[in-house]
Amino acid sequence: MLNAKTQLTALAIAIALAGGAATAAPLEGHPRAEQRLDMRMERMAERLDLSAAQRTEIRAILDDHHQAADMHRARLREQIDAVLTAEQRMRRDEQRAYLRGMREGRGNRGAGGRSGRGW
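Rules of the game
- Residues numbered from 1 in each chain as written.
- Predicted model: local features only at pLDDT ≥ 70, side-chain atom pairs only at ≥ 80, totals over all residues.
- Heavy atoms only, no water.
- Helix = DSSP H or I, 4+ residues; strand = E, 2+ residues; numbered from the N terminus.
- Buried < 20%, exposed > 50% of the residue type's maximum accessible area, 1.4 Å probe, protein only.
- Contact = heavy atoms within 4.5 Å.
- Salt bridge = Lys/Arg side-chain N within 4 Å of Asp/Glu carboxyl O.
- pLDDT = per-residue confidence, 0-100.

Let's talk about the environment of Met-44
Part 1 of the reasoning: Along the chain, Met-44 turns up in helix 2 (residues 31-48).
Part 2 of the reasoning: Residue Met-44 is classed as partly exposed on the basis of its relative accessible area, which comes to 23%.
Part 3 of the reasoning: Residues Met-44 and Ile-58, 14 residues apart in the sequence, show an inter-C-alpha distance of 9.7 Å.
Part 4 of the reasoning: Excluding its chain neighbours within four sequence positions, the residues that come into contact with Met-44 are Asp-49, Leu-50 and Ile-58.

Written as structure tokens, this is what we have:
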């Protein structure tokens, strides 16, 4: 039987490896990912003086890469889920929802970049 510290460590690793991808979703489901790709393409186009054809081809390469990464994360999650118990999957999902809420709350920070903690 694993001790509590080992179980928590394994759970933290599983959460980190799963990367929050519940399914193999294309970029359309990730607006921030699309924004990051757009910004990356603009920087690359400006710095390298890319032609329209080069932009199109490079964007297709980046889109393919991100879709493959999404599929890899989904497969990874399926493999991890096969090892975890139902209770562990539930706790992982609760932790993931909590972390997602924390990330979404970052945009509501007041002056000084703090989120109302008073320090």
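From this point, things continue past the structure.
Topic: the pattern of salt bridges
Part 1 of the reasoning: If you walk through the whole model with that rule in mind, you get 10 salt bridges.
Part 2 of the reasoning: Close ionic contact of Glu-42 with Arg-55 constitutes a salt bridge, the shortest N to O distance being 3.8 Å. Here Arg-55 lies in helix 3 (residues 52-83) and Glu-42 lies in helix 2, a separation of 13 residues in the sequence.
Part 3 of the reasoning: The exposure class of Glu-42 is partly exposed, given its relative accessible area of 39%.

Describing the confidence of the model for the protein
Part 1 of the reasoning: Residue-level pLDDT values for the protein average 76, and 63% of them are 70 or greater.
Part 2 of the reasoning: For the protein, per-element mean pLDDT is lowest for helix 1 (residues 4-18), which scores 55, and highest for helix 3, which scores 92.
Part 3 of the reasoning: Low pLDDT, under 50, characterises residues 17-26; the predicted model gives this stretch 20 contacts beyond four residues in sequence or across chains.
Part 4 of the reasoning: Under a pLDDT of 50 for its full length, residues 110-119 has, in the predicted model, 3 contacts with residues more than four places off or in other chains.

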